[in-house]
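In case you want the letters, here they are:
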Amino acid sequence: MASSDGTGHWWQRAIIYQVYPRSFQDSDGDGIGDLRGLTQRLDYLQDLGISGIWLMPITPSADRDHGYATTDYRGIEAQYGNMADFEELLRQAHRRGIGVIVDYVINHSAAEHPFFQEAAADRNSPYRDWFVWQDPAPTGWDIWGKNPWYSNAAGGHYFATFGAPMPDFNLRNPAVVDYHRASMRFWLDKGLDGFRLDAVPHMIETDAVRWNDQPESRQLTLEFQQLIKSAPQRYSVCEATANPQAYADAKVCGSAFAFGLQYEVIKAAKGEPKAIQAVADYFKTAPLSMATMLSNHDIFAGQRLWDQMQGQTQPVKRYKLAAATYLLQPGIPFIYYGEEIGMAGVPGLEGDEPLRAPMSWTADAKGGFSPPDSSSSSSSSSSSSSSSNSPPFRPLAPNRLSHNAQTQAQDPDSILNFYKAMLQLRNQHPALTQGSYAQPQVQGQVLRFERKHGAERVLVAINYGEQEATLSLRDLKPGTRLAPLYPAGAARLSAKPLTLAPLSLQVYRLQTPKH
Ligand SMILES: [Ca+2]
Ligand SMILES: [Ca+2]
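Residues numbered from 1 in each chain as written. Chains lettered and ligands numbered in written order. Predicted model: local features only at pLDDT ≥ 70, side-chain atom pairs only at ≥ 80, totals over all residues. Heavy atoms only, no water.

> Quick question: what am I supposed to make of helix α6 (residues 215-228) here?
An α-helical turn contains 3.6 residues, so a residue and the one three or four places further along point in the same direction. Taking 1.5 Å as the rise per residue, α6 with 14 residues should run 20 Å; its terminal C-alpha atoms sit 20 Å apart, in good agreement. If you check which residues of α6 are buried, you get Ser217, Leu220, Thr221, Leu222, Phe224, Gln225, Leu227 and Ile228. Here the buried face of α6 lies against α5 (174-188), β7 (194-198), β8 (235-238) and α7 (244-248). (Helix = DSSP H or I, 4+ residues; strand = E, 2+ residues; numbered from the N terminus. Expected span 1.5 Å × (residues − 1). Buried < 20%, exposed > 50% of the residue type's maximum accessible area, 1.4 Å probe, protein only. Contact = heavy atoms within 4.5 Å.)

See the structure below:
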């Protein structure tokens, strides 16, 4: 991805959309999302205003679901398509100015990966030392309530942070690191714009006490970041739950998900004063390269925002204020697919599955996720595979009739149109895209902050309260004028107290007198 103006990095200005490929768009009617389906939806994403997409794993996997149990680091999951489909997706995304990053899982492979299969079957296999073995198993280990050592049928015990089906690599073995470096280069050479690096604080363990976020894991993360960025305009973002701000540092990953902030933003949108203060304070210290979000594909990061707002007064207004908060603050915002239409989770499913329903595109029987059943008898002689016209692989979102992309697009007051307005605002104003963070203040349930870039200075004021609020602007230089950016249409104001309606947002460009 070329930088649009030849300066800086595209990702520093990016708004990134997280796609779970299995649930985004099924192009061939087998009930499973695929790469061609995603390519068909790029116009929607471009119209939304995003500038990057993060694809959860697209490589072949043993889990046939989330994709993090990798069986081949240089291939495409057959259910999603083939390498030509991926290359076409990349071309079409780049044509629209959209960068593409994909998940890369370094810490572990699938137990079904041929390397682990060889290592498990034969103590003398060259791949034995690619994984972590002990015999007998050591004692005293406890990772999230589980013993991470698993007995191997052919002898020995192997180490698996995330459970028996996903054995950890031995990342102290240089051959393993070289293998991952070569695999990353394989994708970068295709023109991929970067990686989301999975679970990096878990790469290297020292002992039963020191197994999380060890200095060696940070060092190795830096080496992978350097490899990725050895090509221009590439981006690396890390999943590092242990210490996100440390991993966002340029000397570790360069960017990391701001886990924890999402809970404060959502509580702020519910009007909790302590959370409003926490949101105001966050970017006083956090790097501007934090990857911000409201939720993602993992339940540990929270339910879908729609579900978190149920039971609140004015849930849609609060939903919009949560979105405005992270879309107008610093950071690199990541929008989880379906968030922009208010998609609900699917009740009654296990674990993370409620978060990962097929995207709600229309009010049709298959939600527009899979093509509609073809009832035409003339097609019976076609060569289409027997798998066509299968139902979507997972139940659709319960609120799809009202909250789907098509219906939302037609309602000027919808969540979707609010997201588009916020993205347009961010994209049009360098201060909001990449500006510094200044003057954060909390007055009652009102958050106010400024963003600055070059000569541009933008003021954001959000009233999370149910009462009208007045925001004093006494600290602005006399004569400062406020040009409204959102909502549009109001006349220019001089610097005087602002009146904020309940649960509302105002954004202004500040124009300071020259003299
Ligand atoms: Ca499909
Ligand atoms: Ca590990």
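> How should the coordination of the calcium ion (ligand 2) be read in this particular structure?
Each angle at a metal carrying four tetrahedral donors should ideally be 109.5 degrees, and each at a metal carrying six octahedral donors should ideally be 90 or 180 degrees. Within the protein, the calcium ion (ligand 2) binds to Asn107 (OD1), Asp168 (OD), His202 (O), Met203 (O), Glu205 (OE) and Glu205 (OE); these donor distances fall in the range 2.3 to 2.9 Å. In this structure, the calcium ion (ligand 2) is surrounded by six donor atoms whose angles at the metal cover 47 to 172 degrees, and the resulting shape is irregular. Spacing between the donor residues of the calcium ion (ligand 2) along their common chain follows N-x60-D-x33-H-M-x1-E. With a gap of 35 residues between them, aspartate 168 in the loop between β6 (157-159) and α5 and methionine 203 in the loop between β7 and α6 connect regions that are remote in the sequence. You'll find aspartate 168 and methionine 203 in the same group, each marked buried. (Donors = N, O, S within 2.8 Å, 3.2 Å for Na, K, Ca; no water. Tetrahedral: all angles 85-135°; square planar, octahedral: opposite > 155°, others 65-115°.)

> What is the right way to look at the packing of helix α11 (residues 315-328) against helix α13 (residues 415-428) in this model?
Packed helices, taken two at a time, are described by the angle their axes make and the gap between the axes. Viewed as axis vectors pointing N to C, α11 and α13 meet at an angle of 20 degrees, and their least axial separation amounts to 10 Å. Relative to α13, the element α11 lies roughly parallel. Crossing geometry of α11 relative to α13 is assigned as right-handed. Of the residues in α13, those in contact with Val316, Tyr319, Lys320, Ala323, Ala324, Tyr326, Leu327 and Leu328 of α11 are Ile415, Phe418, Tyr419, Met422, Leu423, Leu425 and Arg426. Grouping the constituent residues of the contact of α11 with α13 by class yields 13 nonpolar, no polar and two charged. (Axes fitted to C-alpha atoms, helices over the stretch in contact; angles between N-to-C directions. Parallel < 35°, antiparallel > 145°, perpendicular 65-115°, else oblique. Left-handed = near helix turned anticlockwise from the far one by under 90°. Nonpolar A, V, L, I, M, F, W, Y, C, P; charged D, E, K, R; others polar.)

> Looking at this structure, how should I read the pattern of salt bridges?
Oppositely charged side chains can form a pair if their charged atoms are brought close together. Applying the stated rule across the entire model yields 23 salt bridges. As a salt-bridge pair, arginine 394 and glutamate 353 come within 3.7 Å of each other at their nearest N and O atoms. Of this pair, arginine 394 sits in the loop between β10 (332-336) and α12 (405-410) while glutamate 353 sits in the loop between β10 and α12; the two residues are 41 residues apart in sequence, bridging distant segments of the chain. Between aspartate 373 and lysine 366 there is a salt bridge whose closest N-O contact spans 2.6 Å. You can call lysine 366 buried: its relative accessible area is 11%. Among the charged side chains, a salt-bridge network with shared partners connects Asp103, Arg196, Asp198 and Glu239. (Salt bridge = Lys/Arg side-chain N within 4 Å of Asp/Glu carboxyl O.)

> What is the right way to read helix α9 (residues 273-285) from this model?
All of the buried residues along α9 are Ala275, Ile276, Val279, Ala280, Tyr282 and Phe283. Along its buried surface, α9 packs onto α7, α8 (261-269), β9 (291-292), α11, β11 (436-443) and β12 (446-453).

> Help me understand the sheet that holds strand β4 (residues 133-134) in this model?
The strands making up a sheet are joined through hydrogen bonds of the backbone, oriented either antiparallel or parallel. Taken together, three strands build an open sheet; the order of strands is β4-β6-β5 and the sheet is antiparallel. The open sheet has two free edges, formed respectively by β4 and β5 (149-151), since each of these has just one partner strand. Relative to β6, β5 runs antiparallel, the two being bridged by three bridges. Across the sheet, residue tryptophan 149 finds its bridge partner in β6, namely phenylalanine 159. (Pairing = 2+ DSSP bridges.)

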